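If you want the building blocks of each chain, they are given just below.
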Amino acid sequence: MHEFKLPAMSCGHCVAAVTQAAHEVDPQARVEVDLARKQASVDSAQPRDSFVAALSEAGYPPAP
């Protein structure tokens, strides 16, 4: 399970974009996004770095 803090996420469109970015890395991943806490959890065997790159490319770079 990968946990990401996404400070740039602010609306429903953001949630959809984050979910789509994660699914581009792993279509089978289980993605849970908490907009109020600006966090996303991704359950996948793919490496964390792959998700960091995809989220950053989508405009939602994870906070360190």
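Further up the page is the structure itself.
Residues numbered from 1 in each chain as written. Predicted model: local features only at pLDDT ≥ 70, side-chain atom pairs only at ≥ 80, totals over all residues. Heavy atoms only, no water.

1. Focus: the overall build of the chain
Scanning the chain for helices and strands turns up two helices and three strands. Order of helices (α) and strands (β) in the chain, N terminus to C terminus: β-α-β-β-α. Here the C-alpha radius of gyration of the chain, 10 Å, is about what a compact globule of 64 residues would show, namely 11 Å. Overall size of the chain, expressed as C-alpha extent along the three principal axes, is 25 × 20 × 20 Å. Taken across its 64 residues, the chain has 33% of its residues classed as buried. The contacts in the chain between residues at least 6 apart in sequence include a share of 62% that link residues at least 24 apart. Taken as a whole, the chain presents about 3700 Å² of accessible surface, with 52% of it coming from carbon and sulfur. (Helix = DSSP H or I, 4+ residues; strand = E, 2+ residues; numbered from the N terminus. Rg over C-alpha atoms; globule rule 2.2 N^0.38 Å. Buried < 20%, exposed > 50% of the residue type's maximum accessible area, 1.4 Å probe, protein only. Contact = heavy atoms within 4.5 Å. Areas by Shrake-Rupley, 256 points an atom, 1.4 Å probe, with all protein chains shown as cover.)

2. Remarks on the sheet that holds strand E2 (residues 30-34)
What the three strands build is an open sheet, ordered E1-E3-E2; its pairing is antiparallel. Looking at which strands have only one partner, the edges of the open sheet turn out to be strand E1 (2-5) and E2. The mean inter-strand angle of the sheet, taken between neighbouring strand axes irrespective of direction, is 15°. As judged from the four bridges shared by E1 and strand E3 (residues 39-43), these two strands associate in the antiparallel manner. In the sheet register, phenylalanine 4 faces E3, and the bridge partner there is alanine 40. Contacting E2 and E3, helix H1 (residues 12-25) crosses the sheet at an angle of about 155° to E2. The strands touched by helix H2 (residues 48-57) are E1 and E3; relative to E1, the strand with the most contacts, the crossing angle is about 30°. (Pairing = 2+ DSSP bridges. Axes fitted to C-alpha atoms, helices over the stretch in contact; angles between N-to-C directions.)

3. Thoughts on H1
Between its first and last C-alpha, H1 extends 21 Å over 14 residues, near the 20 Å set by a 1.5 Å rise per residue. Within H1, burial applies to Cys14, Ala17, Val18, Ala21 and Ala22. Along the long axis of H1, the arc covered by the buried residues comes to 130°, so they all point the same way. Those residues of H1 that are exposed and angled more than 90 degrees off the buried face are Gly12, His13 and Glu24. Structurally, H1 contributes buried residues whose contacts are with E2, E3 and H2. (Expected span 1.5 Å × (residues − 1). Arc of directions from axis to C-beta.)

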